[in-house]
Every structure is written in structure tokens, then in C-alpha cells.
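Coordinate inspection notes
Now for the letters of each chain:
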Amino acid sequence: MYLRYSFRIEPTPRQRIALARTFGCARVVYNDALTLRKDAWKADRSKISAGELARRVITEGKRTPQRAWLAEVSVDALQSSLRDLDAAYKNFFDSLSGKRRGRPIGLPTYKKRSDSRQAVRFSRNGFRLRNNGRLNLAKIGDVRVRWSRPLPSAPSSVTVIMDASGRYFAVFVVQAEPTSLEPKNTEVGIDLGLSTYAVLSDGKTIDNPRFLRRAERKLRKAQQNLSRKAKGSANRAKARIRLARAHARVADARKDWCHQTASRLLRENQAVYLEDLAVSGLARTRLAKSVHDAAWGMFRRVLEEKAARHGRHVGAVSRWLPSSQTCSVCWVVDGKKPLRVRTWTCGGCGTVHDRDLNASRVILAAGQAERLNAPGGPVSPGVEIPHQARPVERGTHPKPEPGTTGRQAGSLP
């Protein structure tokens, strides 16, 4: 599998100027290529090939007075910018045809000079790692890297990123083998919330760290300080950097917490089940700030990535599962309950339930049932499967063989 390793880098003032020049040239090449492709499509519905696009935008562009400064940066970075444009168009058409899962993706748009995040990618021909630990970038020089851990293999590419706070990162793409954790006999269901971040089916709870709420006072002061500065002044630029750094500290703390919590859950359990929440819909309610601060989507994504790498299982049950209405003892659906009801008594068996703990146990049972009854899995627990189900067997009615009728000889009517 391919993994990304991110490290802070510390370019010198001269290297920062060279990186800014590279960011700008890559952005111009991307925008010029996008203009050519749009014009060709409007003219005769034609598509310009990648080689022709590189020749017209990069090779011939360097010979013109308007684009002569493209020769000052690495051509590898410019070609990577064109590959990014091809990938953007491919993602759009795959999303349009249904090949790409997830939310719809729009057409590529022009990159702006004022974007808070700048990035450029170098392939194998544009960088190398020195023996002294420095990262050599083409036409930029040897850049100091803050190595926090060794790379598992030789990187295939590196992306240099400058974020809104002025920090520089080098993101390496490496190939690594999956490492399996020690097998466990425990599985857990998780009910995510806001007052308590997670309630586990074994009775444990995870408190909500509320990183944004705790930093709101500092963020408000930094935002007020920025709004009082004159537009275009040097003091406003400094205030913008201070505000961006305050937001970066919140984002970094949230990301680090998600990784540590997900790693702990996967080390202690063989399988983790949670609810497929509609985060985008909840983020449009009056709880939007708290929902964004909780970062349920990031937490689930980190869980799934770590599970795939370490041989664990993460399952998501349907968001329409009435986990807060179903009794985890007798499985009677007791009806809807307002959020202020935190404990309730089952009308079928009389068990007194904690709302969140009962929901996590229902999620655990539903996740285990879906995993056992998945395509190719056993129909019921404890039933051995003699062979893997073929794709044709997954439908309600298998397709008949050519030249035969739909009903096999000796089959029931």
C-alpha cells in the first residue's frame, strides 16, 4: 500500500523565494493549460492530448517573452502541474459517470495567487535525499528536514506545501507493507455524540476535547486584531499570519487526538463498529460549530485507514438504524425519544437503559450481523461456507446459461 509521510521543512530565505517562484510558475502553467482545454472544447468539442498540452504550454511558452521566466524553475514541477489538471478532469468525468464514489465533483477551476495554501509536486527526477538528511529539490537546493521517523522505503514523489500560517511541509509518498497487530477477541460498538464524544459498548466513555471551543477566546482576539488593521498594510499581513497560526494549532491538536484515539481503539479491539452519520447535514443545523469541532468524519476516516493498514475491521451501520429506540436486551423498538431523555425503561422487558450505552450495544450487534451476512459470508452465525460466492449468485435470481432455460432440471417450481 502507498502511504504519505509528512515532515516540517525549514527553507532558507533564498529558498523561500525560489519556492514562491515555483508555486507561481506551476499555477500559471495549470491555468494556461486549463484555458487551452476549455477553448478547444468550446471550438469543436476536441480534447488536447497531454503531450501536445505540455509542448504548447511549457516548451513553446518558454520561448515567448510573456512566459520566458518559466525556465527559471524545474520543468518537473511544471509537468506535475499538468498531471494534476488531467487528474482533476478524470475525477470530474468519473464522478459524472458514477465510477467515483462520494459527493459530485465539479469541473476544474483556475488557481488563484491569493490562495492560502500553495503546493507543488516533484517526481523522482526532481528531488533526491542526501546522506546528511537534507532534501534536494531541483533549482531550489538542499532544504533542511525535521525528521521525526525514518521512511519505510524510497519515496516515489514529494509534495512541498506552504500553508496559510507560512509553514512548509514535505509530504513523501512511499510504498509500505501492511503490519498486522496482535489479534484480539474483543469487538466494540461506538455511539458518537457531542456532550460525550464516544460511548463504547463495553461501558467506557471518551470525553469530547472541544479544541475549537477552548481556543475561541484567543481566536476571537486574533480576528478582532486583524479586522482593525488597514487593508494592504504590513501590519494586516502580520495579523493574518497570527490568526492562521492560531487556527493551525487547533487543527493540529484535533488531528493528533484523532490519530491517538483511533490507534488505541484498534490496538484494544479486533473490530470497531460505528454509525454512518450524515455529518454534512448536521453541519447545517444550529449545532454546526460543535459538529465541525467534533470532526466525526476525520475520526472515521482515520479509523478506516489504520484498520486497513493493521489488519483490523471497521464497520459502519446504517444511519437509519433506530439505535436509540431499540432495546439491546429484547430488541423491542420502543419509539422515538427527545434528546433530553438520557435514560429510559424498555416496555417489553422492563430494563432501564442509558440512552448512549444502549445505542452503542445496538450498533455493535447490527455491525456484527452485517459483517456475518455480507456477500460471500455466512447466512447466519456459525455456518461454514464451502466456497466464496460468485458475483452471479449475489442477485435474487442467477442468470441462466446460454442455450438453457431459467429453471434447472430437478429444481423446485
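Details of the structure are given in the entry above.
Every value quoted in this text rests on a predicted model; they were computed, and no experiment measured them.

Another point: the packing of aromatic side chains. Counted under the stated rule, the structure contains eight aromatic pairs. Ring geometry for Tyr 89 and Phe 93: centres 6.3 Å apart, planes at 20 degrees, overall stacked. Of this pair, Tyr 89 and Phe 93 both sit in helix α3 (residues 75-97), four residues apart, which is roughly one turn of the helix. When its relative accessible area of 9% is taken as the criterion, Tyr 89 is described as buried.

For helix α10 (residues 355-372), spanning 18 residues, the distance from its first C-alpha to its last is 26 Å, which sits close to the expected 26 Å at 1.5 Å a residue. Among the residues of α10, Arg 355, Asp 356, Asn 358, Ala 359, Ser 360, Val 362, Ile 363, Leu 364, Ala 366 and Gly 367 are the ones counted as buried. Buried residues in α10 make contact with β8 (187-192), β9 (196-200), β11 (271-275), β12 (313-317), β13 (343-345) and β14 (352-354). For α10, the side-chain oxygen to backbone nitrogen distance between the N-cap and Asp 356 is 3.2 Å, and the N-cap itself is Asp 354.

Within the open sheet, the seven strands sit side by side as β2-β6-β7-β1-β5-β4-β3. Their pairing is antiparallel. Only two strands of the sheet have a single neighbouring strand rather than two, namely β2 (118-122) and β3 (127-129). In this sheet, adjacent strand axes meet at a mean angle of 35 degrees when their direction is disregarded. Here strand β1 (residues 2-10) runs beside strand β5 (residues 141-145); their pairing, made up of two bridges, is antiparallel. Paired with Glu 10 across the strands is Arg 144, a residue of β5.

To continue, consider the packing of helix α1 (residues 13-44) against α3. It is the contact of α1 with α3, at a shortest axis distance of 9 Å, that shows an interaxial angle of 45 degrees. Relative to α3, the element α1 is oriented oblique. Along this stretch, α1 crosses α3, giving a crossing that reads as right-handed. Side by side, α1 and α3 meet where Thr 22, Cys 25, Ala 26, Val 29, Tyr 30, Ala 33, Leu 34, Arg 37 and Lys 38 of the first sit next to Ala 77, Leu 78, Ser 81, Leu 82, Asp 84, Leu 85, Asp 86, Ala 88 and Tyr 89 of the second. Considered class by class, the residues forming the contact of α1 with α3 number 12 nonpolar, two polar and four charged.

Right, let's get into a positive patch on the surface. On the surface, Arg 16, Lys 218, Arg 245 and Arg 249 cluster together into a positively charged patch. Along the polypeptide, Lys 218 turns up in helix α5 (residues 216-227). By relative accessible area, Lys 218 is classed as exposed at 65%.

Quick look at the environment of Thr 186 now. With respect to the helices and strands, Thr 186 occurs in the loop between β7 (168-175) and β8. Judged by its relative accessible area of 37%, Thr 186 is partly exposed. Residues Thr 186 and Glu 268 lie 82 residues apart in sequence; the distance between their C-alpha atoms is 7.5 Å. If we ignore the near neighbours within four places in the chain, the residues touching Thr 186 are Glu 268, Asn 269, Gln 270 and Ala 271. Separated by 2.8 Å, the side chain of Thr 186 and the backbone oxygen of Glu 268 make a polar contact.

Our focus in this paragraph is the sheet that holds β9. Spatial strand order, β10-β9-β8-β11-β12: five strands in an open sheet with mixed pairing. Either end of the sheet is taken by a strand with one partner, and the two such strands are β10 (205-207) and β12. When strand polarity is set aside, the average angle formed by the axes of neighbouring strands in this sheet is 20 degrees. With three bridges joining them, β8 and β9 adopt antiparallel strand pairing. Paired with Asp 191 across the strands is Val 199, a residue of β9. Together, β8, β9, β10, β11 and β12 form the strand contacts of helix α6 (residues 234-268), whose direction differs from that of β10 by roughly 170 degrees.

So, on to the environment of Arg 101. Topologically, Arg 101 is positioned in the loop between α3 and β2. Classification of Arg 101 as exposed rests on a relative accessible area of 80%. Along the primary structure Arg 101 and Asn 235 are separated by 134 residues, whereas in three dimensions their C-alpha atoms are 45 Å apart.

This part takes up the pairing of β7. Along β7, six of the eight residues are buried, which leaves the element largely enclosed by surrounding structure. Where β1 and β7 come together, eight bridges link them in antiparallel fashion. Bridge pairing in β7 places Leu 3 opposite Val 174. Sheet topology places strand β6 (residues 157-162) next to β7; six bridges connect them, and they run antiparallel. Within the sheet, the bridge partner assigned to Met 162 lies in β7 and is Tyr 168. Here β6 hands over to β7 after five residues, with Gly 166 in that stretch at a positive phi of 85 degrees.

Criteria and thresholds
- Residues numbered from 1 in each chain as written.
- Predicted model: local features only at pLDDT ≥ 70, side-chain atom pairs only at ≥ 80, totals over all residues.
- Heavy atoms only, no water.
- Phe/Tyr/Trp six-rings, centres within 6.5 Å; stacked < 30°, edge-to-face > 60°.
- Helix = DSSP H or I, 4+ residues; strand = E, 2+ residues; numbered from the N terminus.
- Buried < 20%, exposed > 50% of the residue type's maximum accessible area, 1.4 Å probe, protein only.
- Expected span 1.5 Å × (residues − 1).
- Contact = heavy atoms within 4.5 Å.
- Polar contact = N/O pair within 3.5 Å; in protein donor to acceptor, adjacent residues only side chain to side chain.
- Pairing = 2+ DSSP bridges.
- Axes fitted to C-alpha atoms, helices over the stretch in contact; angles between N-to-C directions.
- Parallel < 35°, antiparallel > 145°, perpendicular 65-115°, else oblique.
- Left-handed = near helix turned anticlockwise from the far one by under 90°.
- Nonpolar A, V, L, I, M, F, W, Y, C, P; charged D, E, K, R; others polar.
- Patch = residues over 30% accessible without salt bridge, like charges linked within 9 Å, V, L, I, M, F, W, Y side chains within 5 Å.
- Areas by Shrake-Rupley, 256 points an atom, 1.4 Å probe, with all protein chains shown as cover.
- Salt bridge = Lys/Arg side-chain N within 4 Å of Asp/Glu carboxyl O.
- Lys, Arg positive; Asp, Glu negative; His and termini not counted.
- Charge placed at Lys NZ, Arg CZ, Asp CG, Glu CD.

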